[in-house]
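So the chains spell out like this:
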Amino acid sequence: MDLYFSPLACSLASRIALYEAGLPVNYIRVKDKKTPEGNDYFAINARGQVPALKLDDGELLTENVAVLEYIADLKPEAALAPKGQERVRMRKWLGFINSEIHVANMGAILSSTTPEPVKAYALERARKALAHVDKAMEGRQWLTESFTVADAYLAVATNWLQATPIQLSDYPNLQAHQKRVFARPAAAKAVTEEFALYRAAA
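Residues numbered from 1 in each chain as written. Predicted model: local features only at pLDDT ≥ 70, side-chain atom pairs only at ≥ 80, totals over all residues. Heavy atoms only, no water.

Engineer: For this particular structure, what's the right way to read the pattern of salt bridges?
Structural biologist: Between side chains of opposite charge, a pair can form as their charged atoms come close. Per the stated rule, a full pass over the model turns up ten salt bridges. A salt bridge links Arg184 to Glu20; the shortest N-O distance between them is 2.8 Å. Separated by 164 residues along the polypeptide, Arg184 in the loop between helix H6 (172-183) and helix H7 (185-201) and Glu20 in helix H1 (residues 11-21) bring together distant segments of the chain. Salt-bridge contacts for Lys189 lead to Glu193; the nearest nitrogen and oxygen are separated by 3.1 Å. Here Glu193 and Lys189 lie together in helix H7, a separation of four residues that amounts to about one turn. You can call Lys189 partly exposed: its relative accessible area is 43%. One network of salt bridges, with partners in common, ties together Arg15, Lys189, Glu193 and Glu194. (Salt bridge = Lys/Arg side-chain N within 4 Å of Asp/Glu carboxyl O. Helix = DSSP H or I, 4+ residues; strand = E, 2+ residues; numbered from the N terminus. Buried < 20%, exposed > 50% of the residue type's maximum accessible area, 1.4 Å probe, protein only.)

Dropping the structure here:
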């Protein structure tokens, strides 16, 4: 399999999941919509976004939520996704992080082309979404009964707050959650590798 990624983007959650599962994958960096060989990434993924996971049969799987759940199911013994009602709860949080934190708000906040009124609106919405998750995390270590790919996604999304006016310290449960995720060996390895790539390109 090939994982197309950009350092510290949402594809970092996929790298964490792959390391947690111990699955062999080729990591292909996308920079300025080009592959390391200079190929047009839009020719691979028409939307030009990461992550994209190219399966061994040639199919290209896109959309972060789908990629994460697919990785979790490749190695059930890694326990990256629960079963039964807890699976439904995990999907709820994956959907919430994707729609209410990542795409609708952080995308607008971090974009250099977002008009200021829109950015201000997105900041307010992001704060409300983060407060909602922070409250739900009271007295909990993970979003569900155990660590799942949803926790990896949440930690990656809250990591982006460093580039915004929002302070993670205003959400103590989320701050503690991110520390727990990034302290896991697989996550620490993934973050260290991608942070080095990000700094080298800065």
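Engineer: So what exactly am I meant to see when it comes to the sheet that holds strand E1 (residues 2-5) here?
Structural biologist: Backbone hydrogen bonds are what pair the strands of a sheet, in a parallel or an antiparallel way. Ordered in space as E2-E1-E3-E4, the four strands form an open sheet in which the pairing is mixed. Both edges of this open sheet fall to strand E2 (26-29) and strand E4 (60-62), since each of them pairs with a single strand only. Adjacent strand axes in the sheet meet at a mean angle of 25° when their direction is disregarded. Pairing between E1 and strand E3 (residues 52-54): three bridges, direction antiparallel. Its bridge partner being in E3, Leu3 is matched across the sheet by Leu53. The sheet contacts of H1 involve E1 and E2, and relative to E1 the element is tilted by about 145°. (Pairing = 2+ DSSP bridges. Axes fitted to C-alpha atoms, helices over the stretch in contact; angles between N-to-C directions. Contact = heavy atoms within 4.5 Å.)

Engineer: What is the right way to read H1 from this model?
Structural biologist: Structural remark: α-helix, 3.6 residues per turn; residues separated by three or four positions point the same way. For H1, the tally of buried residues reaches ten of eleven residues, placing the bulk of the element in the interior. Those residues of H1 that fall on the buried side of the exposure criterion are Ser11, Leu12, Ala13, Ser14, Arg15, Ile16, Ala17, Leu18, Tyr19 and Ala21. Packed against the buried residues of H1 are E1, E2, helix H2 (64-74), helix H5 (149-159), H6 and H7. Among the residues trailing H1, Gly22 stands out with phi positive, at a value near 70°.

Engineer: What should I look at first to understand the pairing of E1 in this one?
Structural biologist: Each regular strand displays side chains that alternate between the two surfaces of the sheet. Taking every second residue as pointing to the same face, both faces of E1 are buried, with Asp2 and Tyr4 on one and Leu3 and Phe5 on the other. Where E1 meets E2, four bridges bridge the pair, whose relative direction is parallel. Considered in E2, the bridge of Tyr4 is made with Ile28. Crossover handedness for the path E1 to H1 to E2: right-handed. (Right-handed = clockwise from strand over helix to strand, strands pointing away.)

Engineer: When you look at the layout of surface pockets in this model, what are you seeing that I'm missing?
Structural biologist: To find leftover empty space, a probe the size of one water molecule is rolled over the atoms. Empty space within the largest pocket amounts to approximately 1,200 Å³. Lining the largest pocket are 34 residues, with Leu8, Ala9, Cys10, His102 and Trp160 sitting closest to its centre. Of all elements in the fold, only helix H3 (84-110) and H7 reach the threshold of two or more residues within the lining of the largest pocket. With six residues, the single largest contributor to the lining of the largest pocket is H3. Within the lining of the largest pocket, the residues separate by chemical class into 15 nonpolar, 13 polar and six charged. (1 Å grid on protein atoms, 1.4 Å probe; cavity = no way out; pocket = protein on both sides within 12 Å on 5 of 7 lines; lining within 4 Å. Points joined across faces, edges and corners; volume = space filled by probe spheres on them. Nonpolar A, V, L, I, M, F, W, Y, C, P; charged D, E, K, R; others polar.)

Engineer: Please clarify how unusual backbone geometry should be interpreted in this entry.
Structural biologist: Where the residue is not glycine, phi is negative for most of them; where a peptide bond is considered, it is trans in most cases. Omega for the bond connecting Val50 with Pro51 falls within 30 degrees of zero, at 0°, which places this linkage in the cis form. Among the secondary structure elements, Pro51 is positioned in the loop between E2 and E3. Located in the positive-phi region is Leu8, a residue other than glycine, with phi close to 70°. Residue placement: Leu8 occurs in the loop between E1 and H1. According to the relative accessible area criterion, Leu8 is buried, its value standing at 14%. Unusually for a residue other than glycine, Glu63 sits at a positive phi of about 75°.

Engineer: What is the right way to read helix H4 (residues 116-136) from this model?
Structural biologist: Relative to the 30 Å expected for 21 residues at 1.5 Å per residue, H4 spans 30 Å between its end C-alpha atoms, a close match to the ideal helical length. When we look at burial in H4, the residues that qualify are Lys119, Ala122, Leu123, Ala126, Ala129, Leu130, Val133 and Asp134. Down the axis of H4, the buried side of the element spans an arc of 135°, and every buried residue falls inside it. What points out from H4, more than 90 degrees from its buried face, is the exposed set Pro117, Tyr121, Lys128 and Lys135. Elements in contact with the buried residues of H4: H3, H5 and H6. (Expected span 1.5 Å × (residues − 1). Arc of directions from axis to C-beta.)

These values are about where atoms sit, not about what they do.
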